[in-house]
Amino acid sequence: MAALNGWSSFPMHDNLDHDLAIRRFCPARVEQEHGECEWEDELLNELELCSPSNTTTIPCLPAPEVDKFVDSCINMDHYEIEGSNLQHDFDLFQEETETFSLVNNVYGDASMMIEGDGLEMSGSFEDFGVLDPEMVPSVQEEVSHGDLNQGLHLVHLLLACAEAVGCRDTLLADSILNQIWVSASPWGDSLQRVSYCFATGLKSRLSLLHNANANGTFTNGAKEKPLITREEKSEAFQLLYQTTPYIAFGFMAANEAICQAAKGKDSLHIMDIGMENTLQWPSLIRTLASRPEGPPNLRITGLISEHYLSELEVSMKILVDDASTLGLTLEFNMISGPVTPSVLTKESLNLREGETLFVNSIMHLHEFVKESRGTLKAILQAIKKLRPTVLTVVEQDANHNGPFFLGRFVESLHYYSAIFDSLEASLTRNSAQRMKIEFLFAEEIRNIVAFEGANRVERHERIDQWRRQLGRAGFQVMGMKCMSQAKMLVSVYGCDGYTLSSEKGCLLLGWKGRPIILASAWQVHNVLST
C-alpha cells in the first residue's frame, strides 16, 4: 500500500490529509446547486459521503474507494465482461467472419509541450503543436516514462486536485495541478493522455472560478474558447468513425430499427435532430434500395446548426445523386437554428399525408438535459405529438450529469479512461489521427469538468435514466434485433477489447465490459400496445 501512496511524499499544501488519497471535504459545501430536486436515480454510486451529520458537505472518496478506482484506471483488464452471455458472444465472432464481406460492403464508408502552468485555454491542434510530427516523441521514449507508479501517481493527483477544485481551494488546486503537468502528456500512454485532458479541464474550471458569483455559481457569460475549431471537430469525428466502432455502432443500430419498422411502407420521412454530417445515411439508402418490395420514397429533414449548412448541402447533393442511381428517390430538407418544441410541429416540419415518420437522435438529446429537466421533457412531449413510428436514441452511457462536481469528475475519469485505452489498442502513440480524436474528447471532458449552467451541454446519462425519462414522456422501448449485425460490425475493426450486451431491449457497446455507447429504439406507448 505504501507503494501506491508514494505520491504523498511530494510537497503539497498543508491542508492535504496524507491518510487519504484525496483531500478531505470542506466542512461547509461552497458549491450550492439548488433546484435539482427531480433527481431520482441514486447519486454517486461509487462515492461515500464522509461528512459530519450536522453539516452540508460535498462527497469525498475514502481510501479503499480510491484504491479500487486507481486499480481500474491503471489496468483496464480489471473490468470483467458483464453478463454471462458476453464472452460467448465474442466467441461467436470468428464463426461469423464469413459474412465479413457483406458488412464491409454495407459499412464501407467507415472505411503540446508545456512547462508548469503555462497552458493557454484556446486555439486549435496546431496552436498546441501536437500535430507536428517533429515534436512527437518516439514510442520508446514514451514507454520509458509510462510505468505503473507514474500512473498511480497521476490518478491520485487528479483526484486530489478535483476535490480541491470542488472545495474552491484554488491555492491547493494550483499546487497539485503543477505536479500533474509534470507527468501528463498528449503523447504518452493512454493514462497520461487522458490525464492531460482532465488537467486541461481542471485548469479551465479554476480560471472560471474567478468569475463565480457571490452565491458560488458561475457567471453565465464565463465560457472560454473551444479547444478545437468546428472544422477540426468534424475531421476528428470522421476519424473516430473510421477507426473505432463507437459511431458506426450507433448508426447501424438506428438504421436497423428504421428498416425493420419501414417494411411495407412506401413513403418514409426521417427527422434527424442535431444532424452535423451525413455519415449515417449511405448504408441506410443502400439497404432500402435493395428491399424485396422495392425502394421507398425517402425524405430526410435535418435539424441543424447554421454553421453546418454549407457543408451539409454539398454532402446531401452527393447522396441524392447516389440514391438516384440505386432507384431510390431521396429528398433532403434542412431547418437551421435551435431545436425547440415550436420547431417540432407538423407545420414546421411540413409533414405530408401518408408519410411514415421516424425521429432520429445520435448523441444529441443529452444536450437538452438541464438541472430541472424541463427542456428535455418539453422536447420529448413535442416529439410524441408527432406520433413517430420509431424514435431512435443513441447516447453515451455514462453518469456525467450528477449535481456534485466531484462525482461527475470521478465518473468521467473512469469513462474516458476506457475510451483512451481503446484508442491505445487501435492506434500508435505518434499517430496524428489519434491526437485529433483525443482532442475531440478533450473538448467533451473540459465541458463536463469546467462548465456549469447553460454552458455545460455534455450531460450524458445512463440507460436507466433514459428509460425513465422516455417512459414518463409516453414512450416504450422496442427490442433491438441487430446483435448479430453489431457483432459483425465490431469485428470489422479488428480489436478484441470491445464488448456487446443487451439490456432490457437496448444494445450497449463497451470497452472491456465498461459500457460506452447505448443504442435504443422507442415507440409511443399506446401505439405499441395496440
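Residues numbered from 1 in each chain as written. Predicted model: local features only at pLDDT ≥ 70, side-chain atom pairs only at ≥ 80, totals over all residues. Heavy atoms only, no water.

The test is simple: UniProt positions are given in the numbering used here, feature names are shortened, and annotations may be inferred rather than shown by experiment.
The name given to the protein chain in an unreviewed UniProt entry is Della protein rgl1, with Quercus suber as the source organism. The record in UniProt for the protein chain states the following under Subcellular location (unreviewed entry): "Nucleus". Quoted verbatim from the Sequence similarities (unreviewed entry) field of the UniProt record, the comment on the protein chain reads "Belongs to the GRAS family."

### Concerning helix α12 (residues 309–325)
Definition in use: Each helix is a run of DSSP H or I of at least 4 residues and each strand a run of E of at least 2, with the numbering of both proceeding from the N terminus. By this rule, a helix spans an expected 1.5 Å times one less than how many residues it contains. Burial classes: relative accessible area under 20% of the type maximum marks a residue as buried, over 50% as exposed, and values in between as partly exposed (1.4 Å probe, protein chains only). Working note: the arc is built from the helix axis to C-beta atom directions. Contact definition: two residues touch when any of their heavy atoms are within 4.5 Å.
The terminal C-alpha atoms of α12, which comprises 17 residues, lie 25 Å apart, in line with the 24 Å expected from a rise of 1.5 Å per residue. The complete set of buried residues in α12 reads Leu 312, Met 316, Leu 319 and Ala 323. Relative to the axis of α12, the buried residues are bounded by an arc of 65° and lie together on one face. Residues of α12 that are exposed and point over 90 degrees away from its buried face: Val 314, Lys 317, Ser 324 and Thr 325. Looking at the buried positions of α12, the neighbouring elements they touch are α11 (281–289), β2 (297–304) and β3 (330–336).

### With respect to the pairing of β3
What counts here: Between any two strands, pairing holds if DSSP finds at least two bridges. Orienting the strands away from the viewer, one traces the path from the first strand over the helix to the second; a clockwise path indicates a right-handed crossover.
Bridge analysis of β2 against β3 gives seven bridges, and the strand direction is parallel. Across the sheet, Ile 300 pairs through a bridge with Phe 332, a residue of β3. For the crossover that starts at β2, traverses α12 and ends in the parallel β3, the hand is right-handed.

### Remarks on the pairing of strand β9 (residues 514–524)
Buried residues dominate β9, accounting for 11 of its 11 residues. When strand β5 (residues 390–396) meets β9, the two strands line up antiparallel, connected through six bridges. Residue Gln 396 lies in a different strand from β9, and its bridge partner there is Ile 517. The pairing of strand β6 (residues 475–478) with β9 spans four bridges and is antiparallel. In the sheet register, Met 478 faces β9, and the bridge partner there is Ala 521. Inspection of the sheet shows strand β8 (residues 506–511) paired to β9 by five bridges, in the antiparallel sense. The partner of Leu 507 across the bridge, within β9, is Ala 519. Where β8 folds back onto β9 in an antiparallel hairpin, the turn is made up of two residues, including Lys 512, whose phi is positive at roughly 50°.

### Points about the pattern of salt bridges
Condition: For this analysis, a salt bridge means a side-chain nitrogen from Lys or Arg found within 4 Å of a carboxyl oxygen belonging to Asp or Glu.
Following the criterion strictly, the structure yields 20 salt bridges and no others. Between Glu 452 and Arg 205 there is a salt bridge, with the nearest N and O atoms lying 3.1 Å from each other. Here Arg 205 lies in helix α8 (residues 190–209) and Glu 452 lies in the loop between α16 (432–450) and α17 (463–472), a separation of 247 residues in the sequence. Given the relative accessible area of 12%, Glu 452 is considered buried. Measuring nitrogen to oxygen at the nearest pair gives 3.3 Å for the salt bridge that ties Glu 411 to Arg 514. Of this pair, Glu 411 sits in helix α15 (residues 405–426) while Arg 514 sits in strand β9, and the two are 103 residues apart along the sequence.

### A look at the confidence of the model for the protein chain
Quick reminder of the rule: Confidence per residue, as judged by the predictor, is encoded in pLDDT with a range of 0 to 100.
Averaged over the protein chain, the pLDDT score is 77; the fraction of residues at 70 or greater is 68%. Predicted confidence for residues 1–59 stays below pLDDT 50, and this span has 125 contacts to residues more than four positions away or in other chains. Within the model, the stretch residues 78–146 combines pLDDT values under 50 with 134 contacts to residues more than four positions away or in other chains.

### Quick notes on unusual backbone geometry
The residue Met 363 is not glycine, and still its phi comes out positive at about 55°. Considering the arrangement of structural elements, one finds Met 363 in the loop between β4 (356–362) and α14 (374–385). You will see that Lys 512, though not glycine, has its phi angle at about 50°, which is positive. Looking at the element boundaries, Lys 512 is found in the loop between β8 and β9.

### Looking at the packing of helix α9 (residues 230–243) against α16
Operational definition: Angles shown run from 0 to 180 degrees and are taken between the N-to-C directions of axes, each axis being a line fitted to C-alpha atoms and, for helices, limited to the stretch in contact. Any angle from 65 to 115 degrees is called roughly perpendicular, while one under 35 is roughly parallel, one over 145 is roughly antiparallel, and all others are oblique. Handedness of a helix crossing follows the sense of rotation of the near helix relative to the far helix, less than a right angle counterclockwise being left-handed and clockwise being right-handed.
At their nearest, the axes of α9 and α16 sit 8 Å apart, and the two run at 115° to each other. Here α16 runs roughly perpendicular to α9, going by the angle between their axes. Like other packed secondary-structure pairs, α9 and α16 cross with a definite hand, here left-handed. Taken together, the residues of α16 that come into contact with α9 (itself represented by Lys 233, Glu 235, Ala 236, Phe 237, Leu 239, Leu 240 and Thr 243) are Gln 433, Lys 436, Ile 437, Leu 440 and Phe 441.

### A look at the packing of aromatic side chains
What characterises a pair of aromatic rings is the spacing of the ring centres plus the angle enclosed by the ring planes. Formally: For Phe, Tyr and Trp, where Trp contributes only its six-membered ring, two rings pair if their centres lie within 6.5 Å, and the inter-plane angle classes them as stacked under 30 degrees, edge-to-face over 60, or tilted in between.
Taken as a whole, this structure holds 10 aromatic pairs when the rule is applied. Between Trp 181 and Tyr 196 the ring centres are 5.9 Å apart and the planes differ by 70°, which places this aromatic pair in the edge-to-face class. Of this pair, Trp 181 sits in helix α7 (residues 170–183) while Tyr 196 sits in helix α8; the two residues are 15 residues apart in sequence, bridging distant segments of the chain. Across the pair, exposure class does not vary: Trp 181 and Tyr 196 are buried alike. Here the aromatic rings of Phe 405 and Phe 409 are separated by 6.1 Å at their centres, their planes lie at 45°, and the arrangement is tilted. On the criterion of helical spacing, the pair formed by Phe 405 and Phe 409 is a turn pair, its members being four residues apart in helix α15. By the burial criterion, Phe 405 is buried, and Phe 409 matches it. Among the aromatic residues, ring-to-ring pairing joins Phe 198, Phe 405, Phe 409, Tyr 415, Tyr 416, Phe 420 and Phe 441 into one connected group.

### Here's the deal with the environment of Ser 195
Mapping Ser 195 onto the fold places it in helix α8. Separated by 41 residues in sequence, Ser 195 and Leu 154 place their C-alpha atoms 7.1 Å apart. Every residue in contact with Ser 195, bar those within four places of it in the chain, is listed here: Leu 154, Leu 158 and Ala 184.

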